[in-house]
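Residues per chain are reported as follows:
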Amino acid sequence: MQKKKYTVVANWKMNPETLSKAQELSKGVEKGLKKNSNTKVILCAPSVFLPILTVKKSKMISWGAQNMHWEKQGPYTGEISSKMVVGSGATYVILGHSERRALSETSDMVNKKILAALKSGLTPIVCIGERERDPQSNYLTTLKQQVIETFQKLPKASLKKIIVTYEPVWAISSHQVRPATPEESTEMVIFIKKILADMYGQQIVAGINFLYGGSVNPEDALSFIVHGNVSGLLVGHASLKAKTFLQIINSMPQN
Ligand code: PEP
């Protein structure tokens, strides 16, 4: 199958409230997708819903979890392993989301999760981004540190299997200070690529898929693709209504 040019990921977070609403939402999305679209659609649902949602196989939709533990099994109450994620029918997993980092998840932990996900054959969708911007631009140093720690010591060949998402926390809808601009996304993706290129080489970085996330909506989705230096989007609140999410997907360039 030909590789899709664009990627749109839904992060449903702790939504919707019930399995039947989740089924309704995914059906609504699937119904509105265009055949032969060049956009890959990944729905990251609450993990308890995944085994049911993934029963009906679809060529149009892939499924992802929103977190996992790096250990294979053991005394980790409330956690799920990569094998459990695979068993649930998901092929992707969001790792290092700022809402997990806010609950004390460190970049070292995210790094271990990336390795475990790759070993299980899952595609990690790894989130990185600064919490705030200070006038002295110290956020660049903090972000650099986050990138180095998150992506340290990974097998070079595995990097092309990772999706890197730049999500400035200050632009995410739940804490929004202001929306980020596509130009800011461009600058920061260049910055992140440079750090990764210093770690792994330019050629390796050229093979990585970069996304932008933070209050994306149907009005600005295309401009992030055209001017934001990314080939896809991670969408939170706007992915919770099939109609709005489809508007975002269908606004991707058709070439
Ligand atoms: C997110 O939290 O990953 C996200 C992109 O959320 P929103 O689109 O609601 O800002």
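Each remark here, short or long, concerns the structure printed above.
A brief look at the structure comes next.

So, how was this worked out
Residues numbered from 1 in each chain as written. Predicted model: local features only at pLDDT ≥ 70, side-chain atom pairs only at ≥ 80, totals over all residues. Heavy atoms only, no water. Buried < 20%, exposed > 50% of the residue type's maximum accessible area, 1.4 Å probe, protein only. Helix = DSSP H or I, 4+ residues; strand = E, 2+ residues; numbered from the N terminus. Pairing = 2+ DSSP bridges. Right-handed = clockwise from strand over helix to strand, strands pointing away. Expected span 1.5 Å × (residues − 1). Arc of directions from axis to C-beta. Contact = heavy atoms within 4.5 Å. Salt bridge = Lys/Arg side-chain N within 4 Å of Asp/Glu carboxyl O.

## Description of the pairing of strand β1 (residues 6-11)
No. 1: For β1, a buried count of 6 out of 6 residues is recorded, marking the element as mostly surrounded by other parts of the structure.
No. 2: Of the two faces of β1, both are covered, the one formed by Tyr6, Val8 and Ala10 as well as the one formed by Thr7, Val9 and Asn11.
No. 3: Pairing geometry for β1 and strand β2 (residues 39-44), over 6 bridges, is parallel. Within β2, the residue paired with threonine 7 across the bridge is lysine 40.
No. 4: Between the parallel elements β1 and β2, the chain passes through helix α1 (residues 19-32) in a crossover that is right-handed.
No. 5: The pairing of β1 with strand β8 (residues 232-235) spans 4 bridges and is parallel. By the bridge assignment for β8, valine 8 is matched with leucine 233.

## So, α1
No. 1: Between its first and last C-alpha atoms α1 spans 20 Å; for 14 residues at 1.5 Å apiece the expected length is 20 Å, and the two agree.
No. 2: Considered for burial, the residues of α1 that qualify are Ala22, Leu25, Ser26 and Val29. Taken down its axis, α1 places every buried residue within 90° of arc, on the same side. Opposite the buried face of α1, at more than 90 degrees from it, the exposed residues are Glu24, Lys27 and Lys31.
No. 3: Where α1 is buried, its residues contact β2, α2 (50-53), β3 (61-65) and α10 (242-250).

## Digging into the pattern of salt bridges
In a structure, side chains of opposite charge can pair up when their charged atoms sit close to one another.
No. 1: Applying the stated rule across the entire model yields 9 salt bridges.
No. 2: For the salt bridge of lysine 13 with glutamate 99, the shortest nitrogen-to-oxygen distance reads 2.8 Å. Of this pair, lysine 13 sits in the loop between β1 and α1 while glutamate 99 sits in helix α4 (residues 98-101), placing them 86 residues apart in sequence.
No. 3: Between lysine 21 and glutamate 17 there is a salt bridge; the shortest N-O distance is 3.7 Å.
No. 4: Salt bridges sharing partners connect three or more residues here, namely Glu130, Arg133, Arg178 and Glu184.

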